[in-house]
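# A look at the structure
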Amino acid sequence: MAILSSLISSLLLTSLFTAIPTTAQDNAPLVNWNGRQYRCKCYKGDSCWPSAASWAALNSTVGGNLFKVVPPGASCYNTFDGQNTYSQQQCSAANTGWRSEDWHADQQVTNMWTFWTNNTCNPTTNRVGTCTLGHLPEFVIMAKTREHIQAGINFARTNNLRLLIRNTGHDFMGRSAGFGSLAINTHSFKSVQFVKTYTGPGGWTGSAVTVGAGVQVRELYRLANQQSPKVVVVGGECPTVGLAGGYIQGGGHGPMASYYGMAADNAIAFSVVTASGDFVTADAESNPDLFWALRGGGPSTYAAIVSVTVKTFPEVPTAGVSLSIRSTGDLFWKGVTAFHNLANHYVENGMFVYYELTSSSLTVQPFVGPNMDKTKIEAVLKPLFDKLRADGVQYTSTTREFGTFFDMYTAMFQDEGAGASGLVGGRLFTKRDIAENGDGIVRAYRTATGAAGGGFSVIIGHIVGPGTAYPTISNAIHPAWRNASSFSITMVNVEGNAPLSQKAAAQDRLTNVVDKALRDASPYGAAYVNEGNLEEPNWQEAFWGSNYPRLKELKAKWDPEGVFYARTTPGTEMWEQIESGSRLCRTV
Ligand SMILES: Cc1cc2nc3c(=O)[nH]c(=O)nc-3n(C[C@H](O)[C@H](O)[C@H](O)COP(=O)(O)OP(=O)(O)OC[C@H]3O[C@@H](n4cnc5c(N)ncnc54)[C@H](O)[C@@H]3O)c2cc1C
Ligand SMILES: *[C@@H]1O[C@H](CO)[C@@H](O)[C@H](O)[C@H]1NC(C)=O
Ligand SMILES: *[C@@H]1O[C@H](CO)[C@@H](O)[C@H](O)[C@H]1NC(C)=O
Ligand SMILES: *[C@@H]1O[C@H](CO)[C@@H](O)[C@H](O)[C@H]1NC(C)=O
């Protein structure tokens, strides 16, 4: 009976809501560009752009936390948007902060990887230059409560605005920039709550942690290490990446992933705000389809995450090895081959490996050996060192052992910088690719790192095999991750304010030389939505494989109007950022 009456009332509610038009999409501006017609989001200057009074009303709904965006670089220019903005002190802070991930994470809207902002207001010493927003948002809500997130989503939906969710500003692929948008910044959601026994649905009765959207991985690792007994969480290799934002929605690999699975594999519940502005839980019992999609279906696609609950695991003693090979020519590539051809062997032993490869250097920093001591990790790596010596490859290497993963992580991983500009691509290699064509993959690396053509090409490599922990789990990440043993990011440097022709040439080199070499060498491989090429051919298949059709249906169900948008995510086929990456429009 109770079920029946709640069904009837929900049916009544549904019909009531569908009778009232809820969006401004009907009067979306009609725009012609490159000979095609588009219906666009509303932008400043359009008659459908909200009035000052509407913005003021939104500001009071969000407790005064709405701000008009002034890029931090504006302090280095005489004026921005008609206002005097120069401040020697702030400019000097912006110049220093620009290179720091932590500084960016604390900003309202900047991006650590600056290419997609269009680099129109970088800190400078030339104060008479011009500072504009480029692809940064117009307004930002510095959300403090889930109601603020809800208010921002409702405002964007009813006014047909481009909505942007911005957490740390980490995204390599420009997904935390968005021309003319209203941004919601989730950096303040720092709550962390550990439990020893999870009692929610899904069958997991081990320990778990509920993490607010703004929590970054190193702060989480530190808190996990303070529990008694100490626990670990699968998070990123990078200390400042957010756990609950783009990272987990795209899948999330990291130092413990070969041992405990992908971050998304370990998610057991999400608390979210949907495109319609509702607060919902997504777990094994409530909205299981949304739960499935949020675990790997793409960032900013299905809902705004307020918090996520993930499994935690016992801490384990962990050993680490660093390795450096600096050389050129055939002997150098022999060394790289010896190293990379053992990828399956490393992951079968639960290892994760982070490395950086250029045409003349391989820096492994480090090999991670969970549940290993010095003797064990040296035994696992013996085939590598035997081969390097047999081939006559010169190298340097250090082995260390620690009581916990956390101690190894803080001692052996290095902080990364920010403020660089470039295009990113990448490729995931399966165990079969390595076994059947390992030498071919390294030849592809050689092509890729040698293809600089005036720019700088580098491979950021990860040896990672999350399929061991969860061989058959059903979630949205590409099924090829179950067979993976190596994932590489590719990069081609180019400035965000370079002429369009130069940007196009860099994109062409990335897609058709660098990534093509890696793709051709790995017929069973795939690509990773968080660290991939925005112009990946057949991106639906490359990022999601057989999961794509269901993801596209679920996008239509949970966000039928396209309130959320991130490029190359499910269901965005009809959307385009026209005018060289500015206005977001739907083809008509
Ligand atoms: C230096 C560096 C190291 C990295 N290391 C790793 C790694 O070890 N493993 C790995 O798997 N990936 C790694 N990444 C990639 C990383 O997973 C993605 O960049 C990811 O999108 C970052 O998420 P974020 O929330 O921190 O960043 P943001 O740039 O703030 O957001 C990224 C995307 O997520 C969306 N988003 C953010 N918050 C929310 C929310 N609350 N609800 C809904 N959508 C949201 C944004 O709209 C945007 O589309 C790394 C990236 C960099 C730059
Ligand atoms: C919102 O209100 C706060 C507090 O009054 C104010 O500082 C801020 O400038 C306002 N934002 C906008 C966009 O007017
Ligand atoms: C972005 O940069 C390109 C040049 O690379 C320029 O043509 C375009 O007008 C810029 N757009 C904005 C909004 O800054
Ligand atoms: C994973 O590997 C198995 C065994 O080789 C194979 O049957 C399966 O098709 C692979 N799956 C994907 C998605 O690559």
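The protein is annotated in an unreviewed UniProt entry as FAD binding domain-containing protein of Sporormia fimetaria CBS 119925. What UniProt states about the protein under its Sequence similarities (unreviewed entry) heading is, verbatim, "Belongs to the oxygen-dependent FAD-linked oxidoreductase family."

Our next topic: the site of ligand 3. Neighbouring ligand 3 are the residues N118, T120, G134, H135, F179, A498, L500 and K503. At 2.6 Å from an oxygen atom of ligand 3 is found a main-chain nitrogen or oxygen belonging to A498. Contacts to ligand 3 include K503, whose side-chain N or O atom sits 2.8 Å from an oxygen atom. Calculation on ligand 3 without its partners gives an accessible area of 370 Å², and the protein chains cover 66% of this total. Partitioned by chemical class, the residues of the shell around ligand 3 number three nonpolar, four polar and one charged.

In the vicinity of ligand 2, the contacting residues are N59, G64, L66, K68 and F139. Within the side chain of N59, an N or O atom sits 2.4 Å from an oxygen atom of ligand 2. At 2.7 Å from a nitrogen atom of ligand 2 is found a main-chain nitrogen or oxygen belonging to L66.

Restricting attention to buried positions, one finds in helix α3 (residues 88–97) the residues C91, A94 and G97. Looking down the long axis of α3, one finds its buried residues gathered within 130° of arc, a one-sided arrangement. More than 90 degrees from the buried face of α3, the exposed residues found are Q88, Q89 and T96. Buried positions along α3 lie against α4 (101–106).

Tallied over the entire structure, the rule returns four disulfides. With a sulfur-sulfur separation of 2.1 Å, C40 is cross-linked through a disulfide to C585. Measuring the twist about the S-S bond at about 95°, one finds the C40-C585 disulfide to be right-handed. Of the two residues, C40 is situated in strand β2 (residues 36–40) and C585 in strand β24 (residues 584–587); the sequence distance between them amounts to 545 residues. Each member of the pair C40 and C585 is classed as buried. At a sulfur-sulfur separation of 2.2 Å, the disulfide partner of C42 is C48. In this structure, the disulfide formed by C42 and C48 twists by about -115° around the S-S bond and is classed as left-handed. Each bonded cysteine in the protein gets a number by its place in the sequence, and the pairs come out as 1-8, 2-3, 4-5, 6-7.

A few words on the environment of P499. By the secondary structure assignment, P499 is in the loop between β22 (484–493) and α16 (500–520). With a relative accessible area of 45%, P499 lands in the partly exposed category. Residues P499 and P29 lie 470 residues apart in sequence; the distance between their C-alpha atoms is 28 Å.

Right, let's get into the side chain of D559. Checked against the element boundaries, D559 lands in the loop between α18 (548–558) and β23 (575–577). Taking the relative accessible area as the measure of exposure, D559 reaches 2% and is therefore buried. A distance of 2.9 Å separates a polar side-chain atom of D559 from the backbone nitrogen of F564.

Below, the discussion takes up the domain arrangement of the protein. One can read the domain layout of the protein as domain 1 (2–19 + 41–182), domain 2 (192–314), domain 3 (318–545) and domain 4 (548–587). Placing the centre of domain 1 and that of domain 2 at their C-alpha centroids yields a distance of 25 Å. Taken together, the contact pairs 16 residues of domain 1 with 19 residues of domain 2. In total, about 1400 Å² of surface goes out of reach between domain 1 and domain 2, with carbon and sulfur atoms giving 60% of it.

Take the packing of helix α2 (residues 52–61) against helix α5 (residues 146–158) next. A pair of packed helices is captured by two measures, namely the crossing angle of their axes and the spacing between those axes. Viewed as axis vectors pointing N to C, α2 and α5 meet at an angle of 160°, and their least axial separation amounts to 9 Å. By the criterion of interaxial angle, the relationship of α2 to α5 is roughly antiparallel. Of the two elements, α2 crosses α5, and the hand of that crossing is right-handed. Judged by residue contacts, S54, W55, L58 and T61 of α2 engage H148, A151 and F155 from α5. When grouped by side-chain class, the residues that make up the contact of α2 with α5 number four nonpolar, three polar and no charged.

Cut-off values and rules
Residues numbered from 1 in each chain as written. Chains lettered and ligands numbered in written order. Predicted model: local features only at pLDDT ≥ 70, side-chain atom pairs only at ≥ 80, totals over all residues. Heavy atoms only, no water. UniProt positions renumbered as here; feature names shortened; annotations may be inferred. Near = heavy atom within 4 Å. Polar contact = N/O pair within 3.5 Å; in protein donor to acceptor, adjacent residues only side chain to side chain. Areas by Shrake-Rupley, 256 points an atom, 1.4 Å probe, with all protein chains shown as cover. Nonpolar A, V, L, I, M, F, W, Y, C, P; charged D, E, K, R; others polar. Buried < 20%, exposed > 50% of the residue type's maximum accessible area, 1.4 Å probe, protein only. Helix = DSSP H or I, 4+ residues; strand = E, 2+ residues; numbered from the N terminus. Arc of directions from axis to C-beta. Contact = heavy atoms within 4.5 Å. Disulfide = S-S within 2.5 Å. Domains from an automatic or database assignment. Buried area = accessible area lost by both parts, 1.4 Å probe. Axes fitted to C-alpha atoms, helices over the stretch in contact; angles between N-to-C directions. Parallel < 35°, antiparallel > 145°, perpendicular 65-115°, else oblique. Left-handed = near helix turned anticlockwise from the far one by under 90°.

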